[in-house]
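A look at the structure
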Amino acid sequence: MKRVMIILYVLLFTQVILFAQKVENKYSEIKINTTAQCKMCKERIEKALAFEKGIKGSELDLETKILTVTFKTGKTTSDTIRKAVTKLGYDADDMKKDERAYNNLPGCCKLPDDPEHLKH
């Protein structure tokens with residue numbers, strides 16, 4: 001009886017470890033270079049990505065313009081995330097922004113060489 005209990009404990013412990021490893025490996029992180037310019041850009045991107053399927057969280061560093069996204073690997077891909085950023089009007093690594101979305105951004109969110117940059 002004692003052997004059976006030891007075997008059960010070992011099996012249970014093994015299953016707990018395997019489950020914990022599985023849970024830890026579900027998420028990946030990607031860093032994306034963007035053309036974001038201001039706090040409004042940061043809010044717009046982070047808010048929009050919060051509603052995208054499979055994204056756990058995002059954080060845009062305005063100083064470096066790098067967007068860090070944590071996502072569930074089985075639910076979305078890095079290219080899908082980049083595409084979501086471009087649809088907001090921003091470049092995402094080598095993917096170019098959607099021009100229509102870009103044109104609808106406030107002036108402060110536009111690139112510095114754009115004449116609309118300082119208009120609100």
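Each chain has its residues counted from 1, following the order in which its sequence is written. Confidence filtering applies because this is a predicted model: local features only for residues at pLDDT of at least 70, side-chain atom pairs given and counted only at 80 or more, and all residues used for totals across whole chains, interfaces and linings. As a rule here, side-chain values come from all non-hydrogen atoms in the structure, and water together with hydrogens is ignored.

Regarding the overall build of the protein chain
Filter applied, for reference: Secondary structure elements follow DSSP: runs of H or I no shorter than four residues count as helices, runs of E no shorter than two count as strands, and numbering proceeds from the N terminus. Exposed residues in this analysis have more than 50% of their type's maximum accessible area, buried residues have under 20%, and partly exposed residues fall in between, with area computed by a 1.4 Å probe over protein chains only. What makes two residues a contact is simply this: any of their non-hydrogen atoms within 4.5 Å. Areas reported here follow the Shrake-Rupley algorithm with a probe of radius 1.4 Å; residue values treat only the protein chains shown as occluding.
The helix and strand inventory of the protein chain stands at four helices and three strands. From first element to last, N terminus to C terminus, the protein chain shows the α and β order α-β-α-β-β-α-α. Taken over 120 residues, the protein chain has a buried fraction of 35%. Counting contacts in the protein chain only where the partners sit at least 6 residues apart, residues at least 24 apart contribute 48% of the total. For the protein chain, the accessible area works out to roughly 8,500 Å², and carbon and sulfur atoms hold 57% of it.

Notes on the pattern of salt bridges
To be explicit about the condition: Salt bridges, as used here, are contacts in which a Lys or Arg side-chain nitrogen is within 4 Å of a carboxyl oxygen on Asp or Glu.
Under the counting rule described, the total for this entry stands at seven salt bridges. Residues Lys 42 and Glu 59 are paired through a salt bridge, measuring 2.7 Å at the closest nitrogen-oxygen approach. Of this pair, Lys 42 sits in helix H2 (residues 39–50) while Glu 59 sits in strand S2 (residues 55–61), and the two are 17 residues apart along the sequence. Residue classification places Glu 59 among the partly exposed positions, given a relative accessible area of 47%. Taken together, the shared-partner salt bridges in this structure form one network comprising Lys 42, Glu 46 and Glu 59.

Here we look at the pairing of strand S3 (residues 66–72)
Let me state the cut-off plainly: Think of it this way: DSSP has to see at least two bridges between two strands before they count as a pair.
Across seven bridges, strand S1 (residues 27–33) lies against S3 in antiparallel orientation. Across the sheet, residue Ile 30 finds its bridge partner in S3, namely Val 69. Bridging between S2 and S3 involves six bridges; their strand directions are antiparallel. Note that in S3 the partner of Leu 60 across the bridge is Leu 67. The antiparallel pairing of S2 with S3 creates a hairpin that spans four residues between the two strands, and Lys 65 there sits at a positive phi of about 65°.

Thoughts on the nonpolar core
Just so we agree on the cut-off: To define a nonpolar core, start from buried Ala, Val, Leu, Ile, Met, Phe, Trp, Tyr and Cys residues and group those joined through side-chain atoms within 4.5 Å.
Core analysis: the largest hydrophobic core is formed by 22 residues, its most contacted members being Ile 45, Leu 49, Leu 67, Val 69, Ile 81, Tyr 90 and Cys 109. Those elements that provide at least two residues to this core are S1, H2, S2, S3 and helix H3 (78–86). Ignoring anything within four residues of it in the chain, the contact list for Ile 81 reads Ile 30, Ile 32, Ile 55, Val 69, Phe 71 and Thr 76.

Some remarks on the packing of aromatic side chains
The criterion, for reference: Only the six-membered ring of Trp is used, alongside the rings of Phe and Tyr, when aromatic pairs are assigned; centres must lie within 6.5 Å, and planes under 30 degrees apart are stacked while those over 60 apart are edge-to-face, with the rest tilted. In this scheme, Lys NZ or Arg CZ marks a charge over a ring once it lies within 6 Å of the ring centre and within 35 degrees of the ring normal.
Taken as a whole and judged by the stated rule, the model has zero aromatic pairs. Taking the ring centre of Tyr 102 as reference, the NZ or CZ of Lys 97 above it sits at 4.9 Å. The ring of Tyr 102 has Lys 110 sitting right over it, with the charged end atom 5.7 Å from the ring centre.

Some thoughts on H3
Listed as buried for H3 are Ile 81, Arg 82, Ala 84, Val 85 and Thr 86. Buried positions along H3 lie against S1, H2, S2 and S3.

A short note on the environment of Leu 105
Looking at where Leu 105 falls in the secondary structure, it is placed in the segment after helix H4 (99–103). Leaving out residues up to four positions away in the same chain, Leu 105 has contacts with Arg 44, Leu 88, Gly 89, Tyr 90 and Lys 110.

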